[in-house]
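Listed below, chain by chain, are the residues.
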Amino acid sequence: MSFGSLVFTPLVKKLQERYGSRRQYARMENSGASQDRFTPFESQFLAERDGFYWATIGTAGWPYVQYRGGPKGFLKVIDDHTLAFADFRGNKQYISTGNLLTDNRVAMIMVDYPRQARLKILGRVEIFEGDKAESWLPRVRMPEEKTVIERVFVIHVEAYDWNCPQHITPRYTAEEIREGMQAVEKRMQALEQENKALRKELEQFHAS
Ligand SMILES: Cc1cc2nc3c(=O)[nH]c(=O)nc-3n(C[C@H](O)[C@H](O)[C@H](O)COP(=O)(O)O)c2cc1C
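Worth saying up front: this structure is predicted, and the values here are computed from it rather than measured.

Asks: Outline the overall build of the protein chain, listing residues and values.
Replies: Within the protein chain, the regular secondary structure consists of seven helices and seven strands. In terms of overall size, the protein chain is more extended than a compact globule, its C-alpha atoms giving a radius of gyration of 24 Å where 208 residues would be expected to give roughly 17 Å. In terms of overall dimensions, the protein chain has a C-alpha envelope of 90 × 50 × 30 Å along the principal axes. When the 208 residues of the protein chain are sorted by exposure, 32% land in the buried category. A separation threshold of at least 6 residues defines the contact pool for the protein chain, and within that pool the share at least 24 residues apart is 72%. Within the structure as shown, the protein chain displays about 13800 Å² of accessible surface, and the carbon and sulfur contribution to it stands at 54%. Taking the average place of the 30 positive charges on the side chains of the protein chain and the average place of its 28 negative ones, the gap between the two points comes to 5 Å.

Spelled out as structure tokens, the structure:
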């Protein structure tokens with residue numbers, strides 16, 4: 001499925017016509033290019049995420065956005081059109097879960113800030129709880145996470161789309177900064193050693 005065929009409603013198309021972008025987007029919509037199967041590029045991008053936002057729809061019609069985060073890799077790429085993650089016991093509001101019980105559609109967005117890349121996904125969520133979750137648990141469990149897994153969300157992807165990198169401010173996690181600083185730290189240590197040796201030489205010079 002192409003992403004456009006799911007989100008370009010008649011009114012959206014009218015606006016694209018009015019503002020001169022319809023031809024370009026019609027081409028994208030009808031190109032036949034598959035946007036529902038991940039290539040290795042998307043799979044790797046997804047496997048490296050430590051968080052994403054997802055929106056569900058409640059019976060009152062309000063869209064509801066929630067952030068989900070965890071250690072890198074908590075979002076599992078099951079195959080080229082399926083994702084899964086564990087729903088740990090949390091604030092017990094159950095808004096996303098409740099919404100998904102009446103409408104299983106979800107919109108997700110994940111951002112790689114250092115590389116300024118963002119991916120949007122539309123999918124349908126299957127919820128596995130209790131006995132039905134058993135076979136899923138080993139696939140979604142994070143060894144370091146001790147919180148109870150209440151359910152497993154399995155996302156059947158219907159379409160995805162990459163956004164342009166515009167307006168993504170590069171941001172780095174503490175771990176990424178530490179990694180990036182390693183070379184600087186090494187250089188500083190070398191300079192400190194050199195400084196120490198030079199001071200010693202200078203002391204010896206003055207003493208003689
Ligand atoms: C003890 C505790 C642990 C939580 N752990 C996580 C977590 O690992 N990842 C996460 O995205 N939210 C975590 N949360 C936040 C929310 O519980 C979580 O986003 C919530 O279950 C979503 O529910 P909702 O769809 O009703 O908004 C935690 C909250 C609590 C109180």
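Asks: Just give me the short version of the site of the ligand, but keep the residues and values in it.
Replies: Around the ligand, the neighbouring residues are Tyr64, Gln66, Tyr67, Arg68, Gly69, Arg89, Gly90, Asn91, Gln93, Tyr94, Ile95 and Ser96. Within the backbone of Gly69, an N or O atom sits 2.8 Å from an oxygen atom of the ligand. Within the backbone of Asn91, one N or O atom sits 2.8 Å away from an oxygen atom of the ligand. Protein contact buries 66% of the 630 Å² of open area that the ligand shows by itself. Counting only elements with at least two residues in the shell around the ligand, the list comes to β2 (63-69) and α5 (95-102). In the shell around the ligand, the residues fall into four nonpolar, six polar and two charged.

Asks: Which residues make up helix α7 (residues 174-207), and what values do they have?
Replies: Relative to the 50 Å expected for 34 residues at 1.5 Å per residue, α7 spans 46 Å between its end C-alpha atoms, a close match to the ideal helical length. Taken as a whole, α7 carries its principal kink of about 40° at Gln182. With respect to burial, α7 is a largely exposed element, only zero of its 34 residues being buried.

Asks: Break down the pairing of strand β7 (residues 149-163) for me, citing the residues and quoting the values.
Replies: Burial of β7 is extensive: 11 of the 15 residues sit out of reach of the surface. One ladder, built from seven bridges, connects strand β4 (residues 82-88) with β7; its direction is antiparallel. Along β7, the bridge assignment pairs Ala86 with Val152. Two strands pair when backbone bridges link them, and strand β6 (residues 117-129) and β7 are joined in this way by 12 bridges, in the antiparallel orientation. Paired with Lys120 across the bridge in β7 is Asp161.

Asks: Before we move on, could you go through the pattern of salt bridges and cite the residues and values that matter?
Replies: Within this structure, the stated rule accounts for 14 salt bridges. A salt bridge links Glu29 to Lys13; its shortest N-O distance comes to 3.6 Å. Here Lys13 lies in helix α2 (residues 10-18) and Glu29 lies in helix α3 (residues 22-30), a separation of 16 residues in the sequence. Judged by its relative accessible area of 13%, Glu29 is buried. With a closest N to O distance of 3.5 Å, Glu48 and Arg115 form a salt bridge.

Asks: Before we move on, could you go through the packing of aromatic side chains and cite the residues and values that matter?
Replies: The full count for this structure, using the stated rule, is 13 aromatic pairs. When the ring of Phe52 is compared with that of Trp54, the centres are 6.2 Å apart and the planes differ by 75°; the resulting orientation is edge-to-face. Considering the side-chain rings of Phe52 and Phe74, the 5.8 Å spacing of their centres and the 5° angle between planes classify their relative orientation as stacked. With Phe52 in strand β1 (residues 51-57) and Phe74 in the loop between β2 and β3 (76-79), this residue pair connects regions lying 22 residues apart in the sequence. On the basis of relative accessibility, which here comes to 1%, the residue Phe52 falls in the buried class. Its relative accessible area of 5% is what places Phe74 among the buried residues. Within the aromatic cluster, the residues linked to one another by ring pairs are Phe52, Trp54, Phe74, Phe85 and Phe153.

Rules used in this analysis
- Residues numbered from 1 in each chain as written.
- Predicted model: local features only at pLDDT ≥ 70, side-chain atom pairs only at ≥ 80, totals over all residues.
- Heavy atoms only, no water.
- Helix = DSSP H or I, 4+ residues; strand = E, 2+ residues; numbered from the N terminus.
- Rg over C-alpha atoms; globule rule 2.2 N^0.38 Å.
- Buried < 20%, exposed > 50% of the residue type's maximum accessible area, 1.4 Å probe, protein only.
- Contact = heavy atoms within 4.5 Å.
- Areas by Shrake-Rupley, 256 points an atom, 1.4 Å probe, with all protein chains shown as cover.
- Lys, Arg positive; Asp, Glu negative; His and termini not counted.
- Charge placed at Lys NZ, Arg CZ, Asp CG, Glu CD.
- Near = heavy atom within 4 Å.
- Polar contact = N/O pair within 3.5 Å; in protein donor to acceptor, adjacent residues only side chain to side chain.
- Nonpolar A, V, L, I, M, F, W, Y, C, P; charged D, E, K, R; others polar.
- Expected span 1.5 Å × (residues − 1).
- Bend = angle between axes of the 7 residues up to and from the residue.
- Pairing = 2+ DSSP bridges.
- Salt bridge = Lys/Arg side-chain N within 4 Å of Asp/Glu carboxyl O.
- Phe/Tyr/Trp six-rings, centres within 6.5 Å; stacked < 30°, edge-to-face > 60°.

Structural measurements only, silent on function.
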